[in-house]
Amino acid sequence: MALIREPEQFRETESLKKFWQYFRKDKLALGSFYLFLLLLTLVFFGSLLAPYNYNQQFIGLELMPPSWDENGEISHFLGTDDLGRDILSRILYGFYYTVGSALFITILIGILGGAIGIIAGFKQGRSVWLISHLFDTFLFIPILLIAIIIATLMDASLMNAMLAIFLAMLPHFIHKIYQATEQHLRKEYIVTLRLDGANRWYLIREVIIPNLSGVAIKELSHIFVIAVLDISALSFIMLGAQNPTPEWGAMIRESMELIYVAPWTVILPGLAIIFSIFSITMLGTRLSNVFEQYRKD
């Protein structure tokens, strides 16, 4: 069935190439993009860049300070922990376990939660109304608290912590997408498109998904940050990654008793967490702003 072509303001038609050209004009956004690429490089190739295995012990070199200290050595640039393990190597491996796990959770929530939210937005009836109000109640409970409750019901491991965080954050994203879809479907031009013969899948592909991209970007960047923090938090309280996995929260937990003797063993993993959160937040904020400006123009 042929469809009458609607005006340009009814849907997004600009190509990814044109958006990239627009994106490059914002120097801060471009810088945040390159910083995020660096973060992804460390996630996927950090273990290859590490000078040693994350669990290799150097007997006699326990609690060696970083190389800029007079007692440090360049061979252990960020020093060693109480077991003689190279901290730089463990932090580089930690990008995969902490940020990589958060990235996997974010992608899965984006795909599954986005699909459920959009489909629910098109549905009508009492069942959807009940689910919507159930999610409203669910959103009042802090994500970390929900993740802790779920994690306590399972064995302590990184995989179970990831599952707990995924289940805790999924309703939030579904609810946001559902609300945005429902609000968008009330607009007059959607009614016009339907009268022109547009079916549901056409509306989803050509109208809903492009117009929800800004909301999705903002929400997924927030989810990414929360996932990094919650993975570290669950490991810190012994509900996530266990020794000797070089997850940053677990590294901080193992070294808390050494904070006055060897503060670098606690501070350096904490700085890695801060760097990751800063990179994700900066890109998410700039990308969302540029996208909104791009749509207005």
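Scoring rules and cut-offs
- Per-chain numbering applies: the sequence of each chain, read as written, is numbered from 1 onward.
- Where local features are concerned, this predicted model is filtered to residues with pLDDT of at least 70; where side-chain atom pairs are given and counted, the filter is 80 or more; whole-chain, interface and lining totals use all residues.
- Only hydrogens and water are set aside; all other atoms, that is, all heavy atoms of the structure, feed into the side-chain values.
- To qualify as a helix, a DSSP run of H or I must reach at least 4 residues; to qualify as a strand, a run of E must reach at least 2; elements of each kind are numbered from the N terminus.
- Partly exposed residues are those whose accessible area sits between 20% and 50% of the maximum for their type, while under 20% is buried and over 50% is exposed, using a 1.4 Å probe and protein chains only.
- Residue contacts are defined here by distance: any two heavy atoms, one from each residue, within 4.5 Å place the two residues in contact.
- Note on areas: Shrake-Rupley with a 1.4 Å probe; residue coverage comes only from the protein chains shown.
- By nonpolar core we mean a set of buried residues, namely Ala, Val, Leu, Ile, Met, Phe, Trp, Tyr and Cys, connected to one another through side-chain atoms within 4.5 Å.
- Side-chain rings of Phe, Tyr and Trp (the six-membered ring for Trp) are treated as a pair once their centres are within 6.5 Å; stacked means planes under 30 degrees apart, edge-to-face means over 60, and tilted covers the remaining angles.
- A carboxyl oxygen of Asp or Glu within 4 Å of a side-chain nitrogen of Lys or Arg is what we treat as a salt bridge.
- UniProt positions are given in the numbering used here, feature names are shortened, and annotations may be inferred rather than shown by experiment.
- A residue counts toward a patch only above 30% relative accessible area and without a salt bridge, and it is joined to like-charged neighbours within 9 Å or, for Val, Leu, Ile, Met, Phe, Trp and Tyr, to nonpolar neighbours within 5 Å.
- Only four residue types enter the tally: Lys and Arg on the positive side, Asp and Glu on the negative side, with His and both chain ends excluded.
- A score between 0 and 100, pLDDT records how confident the predictor is in each residue.

Per an unreviewed UniProt entry, the protein goes by the name ABC transporter permease subunit and belongs to Mannheimia cairinae.

Colleague: Even after reading the chapter, I still don't get the overall build of the protein, so can you show me in this structure?
Modeller: When helices and strands are tallied, the protein shows 10 helices and zero strands. Taken from the N to the C terminus, the helices and strands of the protein come in the order α-α-α-α-α-α-α-α-α-α. Residue burial in the protein is summarised as follows: out of 297 residues, 49% are buried. A fraction of 72% describes how many contacts in the protein between residues 6 or more apart in sequence connect residues 24 or more apart. By element, 65% of the accessible surface of the protein is carried by carbon and sulfur atoms, the whole surface being about 15800 Å².

Colleague: Please explain the nonpolar core as it appears in this structure.
Modeller: By size, the foremost hydrophobic cluster in this structure holds 78 residues, and its most contacted members are Ile 91, Phe 95 and Met 169. If near-sequence neighbours (up to four positions away) are discounted, Phe 95 is found in contact with Leu 39, Leu 42, Val 43, Gly 100, Trp 248, Phe 275 and Ser 276.

Colleague: Looking at this model, I keep getting lost on the environment of Phe 236. Mind explaining?
Modeller: With respect to the secondary-structure elements, Phe 236 resides in helix α8 (residues 200-236). When the C-alpha atoms of Phe 236 and Ala 250 are compared, they prove to be 5.2 Å apart, with 14 residues separating the residues in sequence. Every residue in contact with Phe 236, bar those within four places of it in the chain, is listed here: Gly 249, Ile 252, Arg 253 and Met 256.

Colleague: Quick question: what am I supposed to make of the packing of aromatic side chains here?
Modeller: Each aromatic ring pair is characterised by the separation of its centres together with the angle its planes make. Applying the stated criterion to the full structure yields seven aromatic pairs. For the pair Tyr 96 and Tyr 97, a centre-to-centre distance of 5.3 Å together with 85 degrees between the ring planes defines the contact as edge-to-face. Exposure remark for Tyr 96: the relative accessible area of 51% places this residue in the exposed category.

Colleague: Where do I start with the pattern of salt bridges in this structure?
Modeller: This structure, assessed with the given rule, holds three salt bridges. The partner of Arg 85 in a salt bridge is Asp 81, and the shortest N-O contact between them spans 2.8 Å. On the accessibility criterion, Arg 85 (2% relative accessible area) is buried. Owing to a relative accessible area of 5%, Asp 81 belongs among the buried residues under this scheme.

Colleague: Hey, could you run me through the UniProt feature "transmembrane region" (unreviewed entry) in the protein in this one?
Modeller: Sequence positions flagged by UniProt for "transmembrane region" (unreviewed entry) are, in local numbering, residues 28-50, 95-122, 134-154, 160-178, 220-241 and 261-285. The straight-line gap between the two end C-alpha atoms of residues 95-122 is 39 Å; of that span, 100% is helix and 0% is strand.

Colleague: Just to check I follow, could you spell out a nonpolar patch on the surface for this structure?
Modeller: Together, Phe 236, Ile 237, Met 256, Ile 259, Tyr 260 and Val 261 make up an exposed nonpolar region whose accessible area comes to about 620 Å². By the secondary structure assignment, Ile 237 is in the loop between α8 and α9 (248-255). With a relative accessible area of 40%, Ile 237 lands in the partly exposed category.

Colleague: What is the right way to read the side chain of Glu 219 from this model?
Modeller: Secondary-structure assignment places Glu 219 in helix α8. We note that Glu 219 is buried and unpaired, the nearest opposite charge coming from Lys 176 at a distance of 4.2 Å. Contacts of Glu 219, omitting those with residues within four sequence positions, involve Phe 173 and Lys 176.

Colleague: It is not clear to me how the confidence of the model for the protein should be interpreted in this structure. Could you clarify?
Modeller: Close inspection of predicted coordinates is inappropriate in any region flagged by low pLDDT. Taken residue by residue, the protein gives an average pLDDT of 86. The fraction at 70 or more is 88%. For the protein, per-element mean pLDDT is lowest for helix α4 (residues 126-138), which scores 65, and highest for α9, which scores 95. Residue range residues 1-14 is modelled with pLDDT below 50. Its contacts to residues more than four positions away, or to other chains, number 25 contacts.

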